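If you want the building blocks of each chain, they are given just below.
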Amino acid sequence: MAFAEKYLLALPPVDVGGRRLKRYHVTADPAGIEPEVEKAAYALLPDLLPEPDGTAAAGFVVLHRGGDTGAYLNTYSWVWDNVLHFAGAAAGQPALDCPDTDPTHFVRIEPSVRNWIGCVWELPPIGHERDAWVRHMLAPEVPDLAGYLGDALPSGMTGAGS
């Protein structure tokens, strides 16, 4: 099977557990991710967020609908001022210890078993988010959380030039 880029959709931020999270969806389907998969994934978000540590309570999520039965939720939260915390979950992917092939049945991926941070389609937001955090939160005299939250990777394809 030949490699193909996927669609990346930037969605408005959500408030979860006192944290503002930007949202990205990745899928091969131009219609987007099924609402029931999105709802099930976001229901697990509070369990994937770190405890507050004084850093601006912000981050981003990447929800990826695989080409098979799998769905993947990656959460990235800013902690310790300039460090990116990761936690993930998967659904419908028995190879990742999911109990069935239901793409709405999310389970946390334990870092002691797999400490993966994302696949090639899920990684593009990380570079953008790093630069946006520096641009809006670390470089200015006064951090601008609203500026950070409004600075998302544009919707389009996951790869440059695609």
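Structure: above.
So, here is what we can say about the structure in this document. (Residues numbered from 1 in each chain as written. Predicted model: local features only at pLDDT ≥ 70, side-chain atom pairs only at ≥ 80, totals over all residues. Heavy atoms only, no water.)

In the Ramachandran plot, Trp80 falls in the positive-phi region, its phi being about 50 degrees despite a non-glycine side chain. With respect to the helices, strands and loops of the structure, Trp80 is situated in the loop between β4 (71–79) and β5 (83–91). We note that Asp97 has phi near 70 degrees; this positive angle belongs to a residue other than glycine. Tracing the sequence through the fold places Asp97 in the loop between β5 and β6 (106–109). Classification of Asp97 as exposed rests on a relative accessible area of 56%. (Helix = DSSP H or I, 4+ residues; strand = E, 2+ residues; numbered from the N terminus. Buried < 20%, exposed > 50% of the residue type's maximum accessible area, 1.4 Å probe, protein only.)

Moving on, we get to the side chain of Arg23. Here Arg23 is to be found in strand β2 (residues 19–27). When its relative accessible area of 11% is taken as the criterion, Arg23 is described as buried. A polar contact is formed between the side chain of Arg23 and the backbone oxygen of Pro12, at a distance of 2.7 Å. Side chain to side chain, Arg23 and Glu38 meet in a polar contact 3.0 Å long. In this structure Arg23 touches Leu9, Ala10, Leu11, Pro12, Val14, Glu38, Tyr42 and Val61, once residues within four positions along its chain are discounted. (Polar contact = N/O pair within 3.5 Å; in protein donor to acceptor, adjacent residues only side chain to side chain. Contact = heavy atoms within 4.5 Å.)

Right, let's talk about the side chain of Lys22 for a bit. Take Lys22: it is sitting in strand β2. Polar contacts involving the side chain of Lys22 include one to the main-chain carbonyl oxygen of Tyr148, which spans 2.8 Å.

With that settled, the discussion passes to the sheet that holds strand β7 (residues 156–157). Spatially, 7 strands are ordered β6-β5-β4-β3-β2-β1-β7 in an open sheet, and the strand pairing comes out mixed. Taken across any chain shown, the strands that pair with only one partner, and hence form the sheet edges, are β6 and β7. Sheet topology places strand β1 (residues 7–16) next to β7; 2 bridges connect them, and they run antiparallel. In the sheet register, Leu8 faces β7, and the bridge partner there is Gly156. Helix-sheet contacts for helix α1 (residues 35–48) involve β1, β2, β3 (58–65), β4, β5 and β6, and the interaxial angle to β6 is about 40 degrees. (Pairing = 2+ DSSP bridges. Axes fitted to C-alpha atoms, helices over the stretch in contact; angles between N-to-C directions.)

What follows covers the nonpolar core. Counting 19 residues, the largest nonpolar core has Tyr42, Leu45, Leu63, Leu73 and Phe106 as its most contacted members. Listed by contribution, the elements that provide at least two residues to this core are α1, β3, β4 and β5. Membership of the second largest hydrophobic core comes to 16 residues, among which are Val26, Ala58, Trp121 and Ala132. (Core = buried A, V, L, I, M, F, W, Y, C linked by side-chain atoms within 4.5 Å.)

A few words on the environment of Ile109. By secondary structure assignment, the location of Ile109 is in strand β6. As a C-alpha pair, Ile109 and Ala87 span 22 residues in sequence and 7.5 Å in three-dimensional space.

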